[in-house]
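Each chain, written out:
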Amino acid sequence: MADKSLRWGILGTGGIARVFTEDLLRLDGHEVAAVGSRSPGTAGAFAERHGIARAHGSYADLAADPDVDVVYIATPHPMHAEPARLCLEAGRAVLVEKPLTTTAAGAERLAALARERDVFAMEAMWTRFSPLVRRLHSLVGEGAIGEVTAVYADFSIAPPFDPEHRLWSAELAGGALLDLGCYVLSIAWPLLGAPSTVQATAATAPTGVDANTGVLLGYDSGAVALLHCGLMGESPHTATIVGTKGRIELGAPFYRPTSMTLTRSGGEAETFTAELAGHGYTYQAEEVARCLRLGLTESPLLPLDETVAVLRVIDEISGSFTK
Ligand SMILES: NC(=O)c1ccc[n+]([C@@H]2O[C@H](COP(=O)([O-])OP(=O)(O)OC[C@H]3O[C@@H](n4cnc5c(N)ncnc54)[C@H](OP(=O)(O)O)[C@@H]3O)[C@@H](O)[C@H]2O)c1
């Protein structure tokens, strides 16, 4: 693995599969070796469009491809676990779209399988690997804003209502929380860890999925997180981290930031900027490559236990408004 390109397989040929493939094709040391689809025709068309050598007409065939090192799983949420299982059982590393699975129990099963097989697995929570988000973590770690007392983050969009679309469909585990809530929770998590209290409220769509969701998390330290995700209107898509000695604001969109402002108490605002490589998904690909080169089976920046723990909070939030 040390000197050769990382050979990716793309599983599923929808919107994000296309965008991530475009980012992989920009990177040195990465090769998109194969694609797998539920249908041979779709696999072939995707392969032709992106110049991919092998097109598999089933997910199982892609999982079994011996010339693939890692499979990127880009199916709708409820269809993450089964192809991930196929890949792990075939000894193939996996990068699985967010949310890893639809429940913490499902994520625990997948994590257990990856560990039992000693194969790399990571959730594609790409924001975590953005340069400015990593800078945010180091600034907070160095005490630039003192103790974190609050995180505010929002991710609400306004897609047209379409009961068949995965965002609105209950069958496809739609709703704001699983699709967008995982981002706001993942901004708060590395800064505050596990909350001690979880409160939430949500408006539901006619399909029954959550469409406008507010979350209030409390922490033993006295900190709070105020998080909003929704499908009923465009929010600013910003995140603010408040501390005892200042605050940091991630500019929009916070999940793919290109600017960040640090204001130390009584000081001038300092602005940090970063150019994004491609669509912003290259950083997670590089993290996968780094881990595989080092022989790691999990990313120290996003271990499976953390993904499971975030999903536990998601379970608790959705449990609180589906009662
Ligand atoms: N990281 C990000 O920024 C980001 C952005 C968007 C989405 N996502 C995540 O990526 C996943 C896919 O989202 P997407 O927007 O790419 O979805 P999409 O455009 O609907 O594509 C999903 C693909 O999954 C496959 N699939 C397998 N079973 C399916 C089923 N029952 N119904 C529909 N498609 C099925 C299909 O590929 P084949 O027909 O080729 O098998 C389809 O093209 C979601 O989990 C989402 O959370 C992440």
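Anything mentioned here points back to the structure above.
Just so you know, these numbers come straight off a predicted model, no measurement behind them.

Caption draft 1: How the structure looks around the sheet that holds strand β2 (residues 30-36). In spatial order, the strands read β3-β2-β1-β4-β5-β6; together these six strands make up an open sheet with parallel pairing. Strands at the two margins of the open sheet, each flanked by one partner only, are β3 (54-56) and β6 (121-123). Neighbouring strand axes in the sheet, compared pairwise and without regard to direction, differ in orientation by 25° on average. Relative to strand β5 (residues 93-96), strand β4 (residues 70-73) runs parallel, the two being bridged by four bridges. Within β5, the residue paired with Tyr72 across the bridge is Leu95. Helix α1 (residues 15-26) rests against β1 (6-11), β2 and β4 of the sheet, and its axis sits at about 155° to β2.

Caption draft 2: Seen up close, the nonpolar core. In this structure, Val71, Val94, Ala121, Val151 and Ala188 are the most contacted members of the largest nonpolar core, which totals 106 residues. With 13 residues, helix α7 (residues 176-192) is the largest single contributor of residues to this core. There are two domains that each give this core at least three residues, and those are domain 1 (6-126 + 281-302) and domain 2 (131-275). In this structure Val71 touches Gly9, Leu11, Leu62, Ala63, Cys87, Arg92 and Val94, once residues within four positions along its chain are discounted.

Caption draft 3: Highlighting helix α6 (residues 131-141). Looking at α6, one finds that the buried residues are Leu132, Val133, Leu136 and Leu139. Around the axis of α6, the buried residues are gathered within 120° of arc, so they sit on the same side. In α6, the exposed positions that point more than 90 degrees away from the buried face belong to Ser138 and Gly141. Gly143 sits one or two residues past α6 and shows a positive phi near 85°.

Analysis parameters
Residues numbered from 1 in each chain as written. Predicted model: local features only at pLDDT ≥ 70, side-chain atom pairs only at ≥ 80, totals over all residues. Pairing = 2+ DSSP bridges. Helix = DSSP H or I, 4+ residues; strand = E, 2+ residues; numbered from the N terminus. Axes fitted to C-alpha atoms, helices over the stretch in contact; angles between N-to-C directions. Contact = placed C-beta atoms within 7 Å. Core = buried A, V, L, I, M, F, W, Y, C linked by C-beta atoms within 7 Å. Buried ≥ 20, exposed ≤ 12 C-beta atoms within 10 Å, placed from the backbone. Domains from an automatic or database assignment. Arc of directions from axis to C-beta.

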